[in-house]
Amino acid sequence: MGMLTVRDAAKRMGVKVETLYAYVSRGLIESHPGVDGRTTLFDERAVETLARRGRPRQSSRSTSLNMLIETSITSLSTQGLRYRGLLAHELTTSHTFEDVALLLWTGDLGNRVHGWSGTNLTPLAEPADLHDAIRISAARVASCNNRTGSSGDPLAHPGRDEIVNAGRQLIATITGSLPVVGDGRTPRLVLPDGSPPIRATIAGQLWSRLSPQRPAPGMLAVLNAAMILMADHELAASTLAVRVAASTRADPAAVVSTGLGVLSGSLHGRASRLARHLIDDALMVGPIRATTNALAGGARIAGFGHSVYVEADPRAVVLLDLLRHAVGHGRVMAVVDELQATVFDRIGRPPNVDLALAAMSVVAKMPDDGGEAVMSIARIAGWLAHAQEEYGEAPLRFRPRASYVGPTH
């Protein structure tokens with residue numbers, strides 16, 4: 001047996017080409033580059049094996065653990081991400097990140113309240129990586145606060161009002177602890193629905209700490225939308241870690257620190273930084289060569305494919321559309337669009353939200369870890385919602401057993 005082209009492999013399996021590429025992104029079958037460096041081939045024996053098995057649901061080589069946890073916070077549907085039953089992308093047109101954080105924490109969009117106040121932290125002695133600075137600030141907040149449960153009740157946990165207060169303080173403090181890189185003025189947010197400009201939003205404060213320039217019309221709304229779309233994503237790795245921490249009755253600041261630690265992984269929050277490097281490379285040498293460079297190491301390409309979505313990540317679609325609407329079809333967006341087409345042609349993976357965050361960071365002249373910082377701060381909202389939900393469950397319910405495979409002597 002030899003190698004099959006994409007179309008021949010899809011035909012043998014009785015699936016669409018897009019479905020075959022989805023199998024590749026899920027690790028169900030391996031693709032191989034052709035000798036010309038542009039085509040994709042599949043081992044005929046692997047295709048025959050998968051075809052005989054029928055349409056698989058998960059990888060036979062996967063070591064992931066399947067776990068089902070009931071939640072009333074976030075759901076992933078074909079229509080898009082939903083928070084408490086409301087489509088997240090629809091919320092981006094008429095609500096601020098603060099509104100959506102309160103929705104996640106309380107189940108109610110409630111009265112719009114901005115100007116969240118935090119704790120004044122002395123600046124860090126040494127400049128730090130943005131994500132590291134955020135983690136340090138979260139730890140400093142935890143050290144300043146009294147630990148929940150110090151009353152003597154080991155099972156005590158914060159109520160809804162305490163979660164809301166802790167969330168506002170953490171997000172405002174961490175955002176405010178980042179050094180200002182622009183002119184020091186916090187831009188006003190103008191939402192797409194045409195409502196009056198809003199002062200002192202978290203998006204505005206974060207912009208002044210990530211971008212040295214004043215936002216072009218519509219760009220602050222893009223950042224606000226990005227924060228809304230990144231506020232939660234059901235049981236991502238960092239969120240599961242947060243729930244495990246909450247099950248031990250760790251306090252809100254501690255569970256946020258737990259989430260930030262997991263988010264720092266290159267396959268999670270740090271992926272947007274790697275996607276930014278890909279865009280930067282594409283701007284210098286062109287999307288085709290940049291894609292070839294990225295594939296040369298044999299690793300996955302950051303910003304493309306997702307374990308949850310067979311097709312394009314709906315958050316990426318929304319955010320990239322908002323970017324195009326705000327800045328038009330200039331060179332950056334043209335290169336990003338060509339990069340998407342090139343990667344899909346080569347490995348069949350559609351864009352995910354990391355690419356969209358990276359594109360936003362390029363347009364806004366943020367540092368290469370700007371998208372990562374946006375995700376880190378925004379996801380605090382979702383983490384605390386999940387922590388609150390977990391506090392209502394029996395404590396210490398996460399106790400998997402290990403299957404020992406080591407030496408017996």
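Considerations on the overall build of the protein
Within the protein, the secondary structure is distributed over 17 helices and 6 strands. Per-residue burial over the protein gives 49% buried out of 409 residues. Put simply, 74% of the contacts in the protein that link residues at least 6 apart link residues at least 24 apart. As presented, the protein carries roughly 19,300 Å² of accessible surface, and 52% of it is formed by carbon and sulfur atoms.

A word on the pairing of strand β5 (residues 80-83)
The pairing of strand β4 (residues 74-77) with β5 spans 4 bridges and is classified as antiparallel. The residue of β5 that forms the bridge with S75 is R82. Pairing between β5 and strand β6 (residues 86-87): 2 bridges, direction antiparallel. Looking across to β6, one finds that R82 is bridged to L87.

What about the nonpolar core?
Counting 97 residues, the largest nonpolar core has Y83, W105, M227 and M360 as the members making the most contacts within it. No other element matches the 12 residues that helix α17 (residues 370-391) contributes to this core. Excluding anything up to four places from it in sequence, W105 contacts R84, W116, R160, I163, V164, G167, R168, I171, A381, L384, A385 and Q388. Counting 16 residues, the second largest nonpolar core, distinct from the first, contains M13, Y23, V24 and L50.

A few points about the packing of helix α12 (residues 271-285) against helix α15 (residues 331-347)
At a closest axis distance of 10 Å, the pairing of α12 and α15 adopts a crossing angle of 105 degrees. Taken together, the axes of α12 and α15 are roughly perpendicular relative to one another. Contacts between α12 and α15 pair L278, I279, A282 and L283 from the former with R331, V332, V335, V336 and L339 from the latter. Each residue belonging to the contact of α12 with α15 can be placed in one class, and the counts come to 8 nonpolar, no polar and 1 charged.

As for the confidence of the model for the protein
Averaged over every residue, the pLDDT of the protein is 86; the share at 70 or more is 89%. Put simply, helix α2 (residues 17-25) is where the protein has its lowest mean pLDDT, 72, and helix α9 (residues 219-230) is where it has its highest, 98. Overall, residues 57-62 carries pLDDT values under 50, and its contacts beyond four positions in sequence, including any with other chains, amount to 10 contacts. The model gives residues 147-151 a pLDDT under 50, and that stretch makes 9 contacts with residues more than four places away or in other chains.

Considerations on the sheet that holds β4
Strand order in the open sheet formed by 3 strands is β4-β5-β6, with antiparallel pairing between adjacent strands. The open sheet terminates on both sides in strands that have one partner only, identified here as β4 and β6.

What to know about the packing of helix α5 (residues 97-106) against α17
Running from amino to carboxyl end, α5 crosses α17 at an angle of 15 degrees, the nearest separation of the two axes being 8 Å. Between α5 and α17, the crossing angle belongs to the class labelled roughly parallel. For the pair α5 and α17, the sense of crossing is right-handed. Contacts from F97, A101, L104 and W105 in α5 reach I377, A378, A381, G382, L384, A385 and Q388 in α17. Taken together, the residues that form the contact of α5 with α17 break down as 9 nonpolar, 2 polar and no charged.

Observations concerning the environment of E390
You can see E390 is positioned in helix α17. Residue E390 is classed as buried on the basis of its relative accessible area, which comes to 0%. Separated by 144 residues in the primary sequence, E390 and A246 place their C-alpha atoms 6.1 Å from one another. Residues in contact with E390, not counting those within four places in the same chain, are R243, A246, S247, R249, R397 and F398. Within the structure, E390 has its side chain in polar contact with the side chain of R243 (distance 2.9 Å).

Some details on the pattern of salt bridges
The final tally for this structure, using the stated rule, is 15 salt bridges. For R315, the salt bridge goes to D313, with nearest N and O atoms at 2.7 Å. Accessibility expressed as a relative area gives 4% for R315, which makes it buried. For D321, the salt bridge goes to R324, with nearest N and O atoms at 2.9 Å. Of the two residues, D321 and R324 both sit in helix α14 (residues 314-327), 3 residues apart, roughly one turn of that helix. The network of salt bridges with shared partners includes R243, E389, E390, E393 and R397.

So, helix α8 (residues 202-210)
For α8, the buried fraction is high: 9 of the 9 residues fall into the buried class. Within α8, burial applies to I202, A203, G204, Q205, L206, W207, S208, R209 and L210. Among the structural elements, α5, α6 (130-144), α7 (160-177), α9 and α17 are those in contact with the buried residues of α8.

Conventions used here
- Position numbers for residues count from 1 along each chain, tracking the sequence in the order it is written.
- In view of the model being predicted, local features appear only for residues whose pLDDT reaches at least 70, and side-chain atom pairs are presented and counted only at 80 or more, with totals across whole chains, interfaces and linings using the full set of residues.
- Side-chain calculation: all heavy atoms of the structure are included, whereas hydrogens and water are not.
- Helix and strand definitions here come from DSSP, where helices need a minimum of 4 consecutive H or I residues and strands a minimum of 2 consecutive E residues; each element is numbered from the N-terminal end.
- Relative accessibility thresholds used throughout: buried, under 20% of the residue-type maximum; exposed, over 50%; partly exposed, between the two (1.4 Å probe, protein chains only).
- Should any heavy atoms of two residues lie within 4.5 Å, those residues are considered in contact.
- Where accessible areas are quoted, they stem from the Shrake-Rupley method and a 1.4 Å probe; at the residue level, only the protein chains shown are allowed to cover.
- Paired strands are those between which DSSP finds at least two bridges.
- Here, nonpolar core refers to any group of buried Ala, Val, Leu, Ile, Met, Phe, Trp, Tyr and Cys residues whose side-chain atoms link them within 4.5 Å.
- Orientation is described by lines fitted to C-alpha atoms, with helices fitted over the stretch in contact, and by angles between N-to-C directions that extend from 0 to 180 degrees.
- Orientation is classified from the angle alone, with under 35 degrees giving roughly parallel, over 145 giving roughly antiparallel, 65 to 115 giving roughly perpendicular, and any other angle giving oblique.
- Nonpolar residues are Ala, Val, Leu, Ile, Met, Phe, Trp, Tyr, Cys and Pro. Charged residues are Asp, Glu, Lys and Arg, and all others, Gly as well, are polar.
- On a scale of 0 to 100, pLDDT captures the predictor's confidence in every residue.
- Here is the rule for handedness: rotate from the far helix to the near one, and if that takes an anticlockwise turn smaller than a right angle the crossing is left-handed, while a clockwise turn gives right-handed.
- Pairs of N or O atoms within 3.5 Å make up the polar contacts considered here, provided that, within protein, one atom can donate a hydrogen while the other can accept it, and that residues adjacent in sequence are counted only when both atoms are side-chain atoms.
- When a carboxyl oxygen of Asp or Glu lies within 4 Å of a side-chain nitrogen of Lys or Arg, that pair is called a salt bridge.

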